[in-house]
Amino acid sequence: MDFSIYSGAAFWAALLSIIVANILLSGDNAVVIAMASRNLPASQQKKAIFLGSAAAIILRVLLTVTAVQLLTLPYLKIIGAVLLVYIGVQLLADSGDDAEMDGHSNVWGAIRTILVADLVMSLDNVIAVAAAAQKGPEETRLVLLIIGLGLSIPLIIFGSTLLLKVMDRFPVIITLGAGLLGLLAGGMLVEDPAIRESIQGAMEDAHMIFEGIGVAIVILLGTYLKKKNAQKEAS
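A quick note: this is a predicted structure, and the numbers were derived from the prediction, not measured. (Residues numbered from 1 in each chain as written. Predicted model: local features only at pLDDT ≥ 70, side-chain atom pairs only at ≥ 80, totals over all residues. Heavy atoms only, no water.)

Draft legend 1. Inspection of the overall build of the protein at higher detail. Each helix and strand in the protein was counted, giving ten helices and zero strands. Counted from the first residue to the last, the protein has its helices and strands arranged as α-α-α-α-α-α-α-α-α-α. Here the protein holds 235 residues, and 40% of them are scored as buried. A separation of at least 24 residues holds for 84% of the contacts in the protein among residues at least 6 apart in sequence. When the accessible surface of the protein is totalled, it reaches about 12700 Å², and 67% of it is carbon and sulfur. (Helix = DSSP H or I, 4+ residues; strand = E, 2+ residues; numbered from the N terminus. Buried < 20%, exposed > 50% of the residue type's maximum accessible area, 1.4 Å probe, protein only. Contact = heavy atoms within 4.5 Å. Areas by Shrake-Rupley, 256 points an atom, 1.4 Å probe, with all protein chains shown as cover.)

Below, the structure written as structure tokens:
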């Protein structure tokens, strides 16, 4: 086995993309876990957080492996790219209001809430991690996925409060993260088996061009919608 591929720029660029995507997209999941557990006694809170997070990670592993396999089929990378752009735009456009969720009086009720919420909210994380892994050398993608998903565990359990505070203090992080999703979307689009040969044959720098377009669409549209939402709230 050639271990030199793990020291190449492509591997580390893909790993960095996965880390940033996880940091950006795991915060909301952690908030839901905290909110679903907040009415439990202190001893049960730790149990609910641990079991809920463990179950959510197992669910995320299954979703990600499935997503990576599905992304080899024609047109699904195009759908994934559109979804990534949508996620990036929504992330940037959101006003920051968190949906309210009632805490539960028992551990299993809290875990059920955590799993249902994580199933819905992890789709963005799964697509982003899968797309970021695709940027790495083919032989390293499984390793990249394992590292990326492994990073989700401490981020979800321990990192949410800190991450949200950092984002509140430095809003530019949200813009950069949204731009990253646009970049991943552009790269994913040109790799779809249905259009890859025609696009890459017609454009010498297809990856760079579409990644730039993806970044521009997400940041420009997301910023516009953010300002529009702010105007509505002010009126």
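Draft legend 2. Examining the packing of helix 4 (residues 76–93) against helix 10 (residues 206–234) more closely. Look at helix 4 against helix 10: their axes get within 7 Å of each other, and the N-to-C directions meet at 35°. Helix-helix and strand crossings are classified by hand; for helix 4 and helix 10 the assignment is right-handed. Contacts between helix 4 and helix 10 involve Val-85, Gly-88, Val-89, Leu-92 and Ala-93 from the former and Ile-217, Val-218, Ile-219, Leu-221, Gly-222, Thr-223, Leu-225, Lys-226 and Asn-229 from the latter. The residue inventory of the contact of helix 4 with helix 10, partitioned by class, reads nine nonpolar, four polar and one charged. (Axes fitted to C-alpha atoms, helices over the stretch in contact; angles between N-to-C directions. Left-handed = near helix turned anticlockwise from the far one by under 90°. Nonpolar A, V, L, I, M, F, W, Y, C, P; charged D, E, K, R; others polar.)

Draft legend 3. Main features of the pattern of salt bridges. Taken as a whole and judged by the stated rule, the model has one salt bridge. In this structure, Arg-196 engages Glu-191 in a salt bridge whose closest nitrogen and oxygen atoms are separated by 3.8 Å. (Salt bridge = Lys/Arg side-chain N within 4 Å of Asp/Glu carboxyl O.)

Draft legend 4. View of unusual backbone geometry. If you check the backbone angles, Tyr-75 has positive phi at about 75° while not being a glycine. Among the structural elements, Tyr-75 can be located in the loop between helix 3 (42–70) and helix 4. Here Tyr-75 falls in the exposed class, since its relative accessible area comes to 53%.

Draft legend 5. The arrangement of a nonpolar patch on the surface in detail. A contiguous nonpolar patch, built from Met-203, Ile-209, Ile-213, Ile-217, Leu-221 and Tyr-224 and spanning about 510 Å² of accessible area, is present on the exposed surface. Along the chain, Ile-213 falls in helix 10. (Patch = residues over 30% accessible without salt bridge, like charges linked within 9 Å, V, L, I, M, F, W, Y side chains within 5 Å.)

Draft legend 6. Local environment of the nonpolar core. Within the largest apolar cluster, 27 residues are counted, with the highest numbers of intra-cluster contacts made by Ile-18, Leu-84, Leu-144, Leu-181 and Leu-184. Elements with a contribution of two residues or more to this core: helix 1 (9–25), helix 4, helix 5 (107–134), helix 6 (141–158), helix 8 (172–190) and helix 10. Apart from the residues lying within four places of it in its own chain, the contact partners of Leu-184 are Ser-17, Leu-84, Ala-128, Ala-131, Ala-132 and Lys-135. In terms of nonpolar packing, the next biggest core, distinct from the first, is built from five residues, Leu-40, Ala-48, Val-107 and Ala-110 among them. (Core = buried A, V, L, I, M, F, W, Y, C linked by side-chain atoms within 4.5 Å.)

Draft legend 7. Molecular detail of the packing of helix 8 against helix 10. In the contact formed by helix 8 and helix 10, the axes pass within 7 Å of each other and the chain directions differ by 140°. The angle between the axes of helix 8 and helix 10 places the two elements in the oblique class. For the pair helix 8 and helix 10, the crossing hand works out as right-handed. Across from Thr-175, Ala-178, Gly-179, Gly-182, Leu-183, Gly-186, Gly-187, Leu-189 and Val-190 in helix 8, the residues of helix 10 making contact are Ala-206, His-207, Phe-210, Glu-211, Gly-214, Val-215, Val-218 and Ile-219. When its residues are assigned to classes, the contact of helix 8 with helix 10 shows nine nonpolar, seven polar and one charged. (Parallel < 35°, antiparallel > 145°, perpendicular 65-115°, else oblique.)

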